[in-house]
Amino acid sequence: SQQGEEDPQALSIQEGENATMNCSYKTSINNLQWYRQNSGRGLVHLILIRSNEREKHSGRLRVTLDTSKKSSSLLITASRAADTASYFCATGPYGGATNKLIFGTGTLLAVQP
Amino acid sequence: DAGVTQSPTHLIKTRGQQVTLRCSPKSGHDTVSWYQQALGQGPQFIFQYYEEEERQRGNFPDRFSGHQFPNYSSELNVNALLLGDSALYLCASSSVGAIQETQYFGPGTRLLVL
């Protein structure tokens, strides 16, 4: 079963605008990661935020984590047509024997040129 | 440095058949995980292999089995295929104990069961 849900399920914006995606999860975590997937192909790792971190930046990406609300957000600034993809959050469960990931349902982002 | 590779890229089978998918991890990685991604869904964890043994398993029936070889590559086997097994199968590699590190995913094998 999925760990949680992402919101919105789909998002359409114009190039240059910012895109914000939200992720909620259910159980305690070690970390939360965001991945991008183009046209149903492999997943590309974007950013990892640890459970004791609240915010992290990487290039045009900004991720926040609120463990009290069990939620995270991914902000993509100054979006480009090449950012069109599905975005998934994935959690590494706390106390797990392995680093298995539990994925959300994904947000489909379309950036119009 | 080659990333995670998977073969084949696409596969068509009929119900009741058996299938074997293959994965080679990223150089320096010793742990391989398999995920199933149905259309429109997020990936779901099938199992993880380290030192040629299954370390953890998700909620998948025994029809799904795996193997890891001494060179860390891995196979996913699915027996008695069902229509519902149609999905993208993703392999991910990492280093053992890397709880706080990312996993690297391959391009996937798209399986269609008719």
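Structure shown above.
Throughout what follows, the structure given in this document is the object of discussion. Computed from a predicted structure; not experimentally measured.

1. Details of the pairing of strand β7 (residues 61–66) of chain A
All names here are of chain A. As paired elements, strand β6 (residues 55–58) and β7 share 4 bridges and run antiparallel to each other. The residue of β7 that forms the bridge with S58 is L61. Here β6 hands over to β7 after 2 residues, with G59 in that stretch at a positive phi of 60 degrees. Bridging between β7 and strand β8 (residues 71–76) involves 6 bridges; their strand directions are antiparallel. Across the sheet, L65 pairs through a bridge with S72, a residue of β8. Taking the residues that link successive antiparallel strands as the turn, the β7-β8 hairpin has 4 residues, and the phi of K70 there is positive, at about 50 degrees.

2. A closer look at the packing of aromatic side chains
Scanning the entire structure with this criterion turns up 9 aromatic pairs over all chains. Aromatic pair Y35(B) and F105(B): ring centres 5.4 Å apart, planes at 50 degrees, arrangement tilted. Placement of Y35(B) in strand β4 (residues 31–37) and of F105(B) in strand β10 (residues 104–105) is noted, with a sequence separation of 70 residues between them. Exposure remark for Y35(B): the relative accessible area of 0% places this residue in the buried category. Counting every residue linked through ring pairs, the aromatic cluster contains Y35(A), F88(A), F103(A), Y35(B), F45(B) and F105(B). The ring of Y104(B) carries the charged tip of K26(B) above its face, separated from the ring centre by 5.1 Å.

3. What about the state of the cysteines?
Residue and element names in this part refer to chain B. Scanning all chains against the criterion turns up 2 disulfides over all chains. What pairs with C23 in a disulfide is C91, and their sulfur atoms sit 1.7 Å apart. Around the S-S axis, the bridge from C23 to C91 shows a dihedral of about -55 degrees and counts as left-handed. In this pair, C23 is assigned in strand β3 (residues 19–24) and C91 in strand β9 (residues 87–94), connecting sequence segments 68 residues apart. With relative accessibility at 2%, the residue C23 sits in the buried group. On the basis of relative accessible area, C91 is assigned to the buried category, the value being 0%.

4. Examining the nonpolar core
One finds L32(A), W34(A), L74(A), I76(A), Y87(A) and L109(A) to be the most contacted residues of the largest nonpolar core, which totals 21 residues. At the level of secondary structure, the elements contributing two or more residues to this core comprise β3 (19–24), β4 (29–37), β5 (43–50), β7, β8, β9 (85–93) and β11 (107–112) of chain A. Apart from residues lying up to four places away in sequence, Y87(A) is in contact with E6(A), M21(A), Y35(A), R36(A), L46(A), L74(A), I76(A), G106(A), T107(A) and L109(A). By size, the runner-up hydrophobic cluster in this structure holds 19 residues, among which are I46(B), Y49(B), V78(B) and C91(B).

5. Digging into the pattern of salt bridges
Evaluation of the coordinates by the stated rule reveals 6 salt bridges over all chains. A salt bridge links K56(A) to E53(A), with the nearest nitrogen and oxygen atoms 4.0 Å apart. Among the residues examined, K56(A) registers a relative accessible area of 25% and is labelled partly exposed. A salt bridge links R57(B) to E54(B), with the shortest nitrogen-to-oxygen separation between them at 3.1 Å. Judged by relative accessible area, R57(B) falls into the partly exposed class, the value being 26%. We classify E54(B) as partly exposed; its relative accessible area is 35%.

6. What about the side chain of N31(A)?
Relative to the helices and strands, N31(A) is located in strand β4. At a separation of 3.1 Å, a polar atom in the side chain of N31(A) contacts the side chain of Q33(A).

7. Comments concerning the interface of chain A and chain B
Bring the parts together and some accessible area is lost; that lost area is often taken as the interface size. Contact with chain A, which involves 24 residues of that partner, is made by 24 residues of chain B. Summed over both partners, the interface of chain A with chain B buries about 2100 Å², with 45% contributed by carbon and sulfur atoms. At the junction of chain A with chain B, the criterion picks out 0 salt bridges. At the boundary of chain A with chain B, the tally comes to 4 residue pairs in polar contact (both at pLDDT 80 or more). Only β4 and β5 of chain A provide two or more residues apiece to the side of chain A that touches chain B. By residue number, the principal contributor to the side of chain A that touches chain B is β4(A), which donates 5 residues. For the side of chain A that touches chain B, the per-class residue count stands at 7 nonpolar, 14 polar and 3 charged.

So, how was this worked out
Residues numbered from 1 in each chain as written. Chains lettered and ligands numbered in written order. Predicted model: local features only at pLDDT ≥ 70, side-chain atom pairs only at ≥ 80, totals over all residues. Heavy atoms only, no water. Pairing = 2+ DSSP bridges. Helix = DSSP H or I, 4+ residues; strand = E, 2+ residues; numbered from the N terminus. Phe/Tyr/Trp six-rings, centres within 6.5 Å; stacked < 30°, edge-to-face > 60°. Buried < 20%, exposed > 50% of the residue type's maximum accessible area, 1.4 Å probe, protein only. Lys NZ or Arg CZ within 6 Å of the ring centre and 35° of its normal. Disulfide = S-S within 2.5 Å. Core = buried A, V, L, I, M, F, W, Y, C linked by side-chain atoms within 4.5 Å. Contact = heavy atoms within 4.5 Å. Salt bridge = Lys/Arg side-chain N within 4 Å of Asp/Glu carboxyl O. Polar contact = N/O pair within 3.5 Å; in protein donor to acceptor, adjacent residues only side chain to side chain. Buried area = accessible area lost by both parts, 1.4 Å probe. Nonpolar A, V, L, I, M, F, W, Y, C, P; charged D, E, K, R; others polar.

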